[in-house]
Structure formats: structure tokens, C-alpha cells
Amino acid sequence: MKFAVTSKGDAKSNALMHKIRAYLLDFKLTYDENKPDIVISVGGDGTLLYAFHRYIERLDKTAFVGVHTGHLGFYADWVPDEIEKLVIAIARTPYQIIEYPLLEAIIRYQHGGKETRYLALNESTVKAVDGTLVMDVEIRGDQFERFRGDGLCISTPSGSTAYNKALGGAILHPSIRALQLAEMASINNRVFRTVGSPLILPAHHTCMLKPVNRSDFLVTIDHLTLLHKDVKSIQYRVANEKIRFARFRPFPFWKRVHDSFVSS
Ligand code: NAD
């Protein structure tokens, strides 16, 4: 089996990365940074997001596992003290794989037939470059509302505990194939109206955002922020691809939610 280890880049994570690599090489596993079967991410949730995007072309072949060197993460749930246990478990393949849904974003432009496609593990957000974001929101081809406000956040179930949660969105179990649309400070008065509640869309429903007055936007895909000019539409739906996590012990999602947000 081929493995790779990614690190957050700080001294603690780097030291742990070297230790894991040495242990796995001792177990006669092959280090392959380009085509790994398993990626061990050492750092935090951000490090796993980074690893996900680094290996995005191999999602059907690569599984991920996260070790945290700071506080308990949603994707990084192994602690440095458990490294020996984790290494033995990895070496004793096969391991269980669990698959979680991803978000697909397709950005189309006003000129030409060019489009850009992204996959997000947590979410995509859309904000105006300056001033208020004004977007028509279509759901399944029908006009739903004209949004005015700071921005919109479209998240996956596993991203529902991240930015989405800070916006008052619901926490969704990642076994549910859905996307969630949450508002950022919508303008609501006698003239302007939005639904005001987060919406959860099933996998076969598409959410399309269409610019009204401006065409340049800041679009985030997980930790990446990109400026898109001359945007005609941004289409979101549940992706066909999935992320695969290597599971070596039970760690129920609701326990993770409890330990992160209620008490540890
Ligand atoms: P960062 O270093 O600012 O991390 C943000 C925090 O989000 C970290 O504590 C991380 O552990 C946590 N996090 C990431 N994914 C999570 C998940 N699925 N569930 C629960 N917590 C999660 O930024 P980064 O490391 O580059 O991560 C980018 C992410 O930050 C984005 O995907 C977005 O979800 C999140 N974010 C949150 C807010 C907010 O809560 N107001 C604002 C911007 C971005």
C-alpha cells in the first residue's frame, strides 16, 4: 500500500509527520506523494482541507485520515499519543472506508462558453467585491428569491459544523446527501424579502445564483478565495464524487459534535 503524509508546517506537525513516515516505512509500506492510497494529514481541519484539494484528482482512489496537533478537529480526530496505534491499524489493511458527500460549484461567465468547476469539502461562499451582494436565487430552475445582503454560504453536510454553523445553519449528519444554503446578514424590510431560514436541498435539486447588478464576485471554495469576473451564474449541487475517510475505530458524528461544541 502507498501512503503520503501532509503537515500543517509547524515544528510539532512536521516532527509527527516524519515519525509517522518512518513508522510506516518500517512496516514496509511505500511512500508515494503523488499516488497515495491513504493520506495522513497532520495538523488540523485546515490541513485536511488542504490535503483534500491536493489529491482532488484521486478521490476515488485515496482515503484520508486526520491527526490533530492542536485542538480536536472534525476531520483531524487522532491525537499525537495514538500514533503507534494508528500506524499499526494502517499497516493492517484492509480498513473501513466511509464516504461523505461533496459540493459541486460550476461558475459560468458572460462571454464565451467557458466554465469553471470546483469541488468543496466544507462549503462555497459568495460575496460582493464591495457593497451588498445582490443575487437571484433559483432552486430547481424556478426563481425562489432575490437575495440582498453580505453573502450566501452553500455547505456540505460535513461542512455544516463549520462556517454554516456560525451563520445559524443546521448541523446535518454527513450520511445525508444534501446541500445547505445559509444567508449572511440578509436585508429584510418592507421592500426587500428573503426567506430568512437556512434551506436544505436534496441531492437531485440544483441551486443557481444569478447576478443582478454586478458581475464580479469573491467566491470561496473551502479555504480558497478567488475573484471571478463577468460571472453569468453559479450553479451548486451535490457532487457525484465523494470524499473517502479511512476509519479505524468508531467515532460517531454526534459524539464529535458533542465533544466540539457542548463539552469535551
Ligand atoms: P481557519 O484556520 O480560520 O479555521 C477555521 C476553523 O474552522 C478552525 O477552527 C477549524 O478547525 C474549523 N473547521 C474547519 N472545518 C470544519 C468542519 N467541517 N467542522 C467544524 N469545524 C471546522 O481556516 P481554515 O483552516 O483555512 O479553514 C477554512 C474553513 O474555515 C472554511 O471552510 C470555513 O468553514 C471556516 N470559516 C469559518 C468562519 C466562521 O465560522 N465564521 C469564517 C470563515 C471560514
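Quick caveat, the model's predicted, so the values are computed rather than measured.

**Q** Can you tell me about the UniProt feature "binding site: NAD(+)" (unreviewed entry) in the protein chain, naming the residues and giving the values?
**A** According to UniProt, the feature "binding site: NAD(+)" (unreviewed entry) maps to Asp 45, Gly 46, Asn 122, Glu 123, Arg 148, Asp 150 and Ala 185 in the numbering used here. In sequence the annotated residues extend across 141 residues, and in space they extend as well, their farthest C-alpha pair lying 31.0 Å apart. Mapped onto the fold, Asp 45 is located in helix H2 (residues 45–54). Asp 45 has contacts with Gly 73, Phe 74, Tyr 75 and Ala 76, leaving out every residue within four places of it along the chain. Tracing the chain through its elements places Arg 148 in strand E10 (residues 142–155). Excluding residues that lie within four positions of it along the chain, Arg 148 makes contacts with Thr 132, Leu 133, Val 134, Ala 185, Ser 186, Ile 187, Phe 192 and Thr 194.

**Q** Any chance you could break down the site of the ligand for me, citing the residues and the numbers?
**A** Taken together, 15 residues lie near the ligand, and Asp 45, Asn 122, Glu 123, Ser 158 and Thr 161 sit nearest. One of the side-chain N or O atoms of Thr 161 is found 2.6 Å from a nitrogen atom in the ligand. Calculation on the ligand without its partners gives an accessible area of 790 Å², and the protein chains cover 60% of this total. At the level of elements, H2 and helix H4 (163–166) are the ones that each hand at least two residues to the shell around the ligand. Counting residues per element, the shell around the ligand draws most heavily on H2, which supplies three residues. Its residues assigned to classes, the shell around the ligand comprises six nonpolar, six polar and three charged. Two domains each donate at least three residues to the shell around the ligand, and these are domain 1 (2–95 + 248–262) and domain 2 (102–240).

**Q** Residues and numbers for unusual backbone geometry, please.
**A** A positive phi angle, near 55°, is found at Arg 140, a position not held by glycine. Inspection of the secondary structure puts Arg 140 in the loop between strand E9 (133–139) and E10. The phi angle at Ala 185 is positive, at roughly 45°, despite the residue not being glycine. Relative to the assigned elements, Ala 185 resides in strand E11 (residues 178–186).

Reading the values: rules and limits
Residues numbered from 1 in each chain as written. Predicted model: local features only at pLDDT ≥ 70, side-chain atom pairs only at ≥ 80, totals over all residues. Heavy atoms only, no water. UniProt positions renumbered as here; feature names shortened; annotations may be inferred. Helix = DSSP H or I, 4+ residues; strand = E, 2+ residues; numbered from the N terminus. Contact = heavy atoms within 4.5 Å. Near = heavy atom within 4 Å. Polar contact = N/O pair within 3.5 Å; in protein donor to acceptor, adjacent residues only side chain to side chain. Areas by Shrake-Rupley, 256 points an atom, 1.4 Å probe, with all protein chains shown as cover. Nonpolar A, V, L, I, M, F, W, Y, C, P; charged D, E, K, R; others polar. Domains from an automatic or database assignment.

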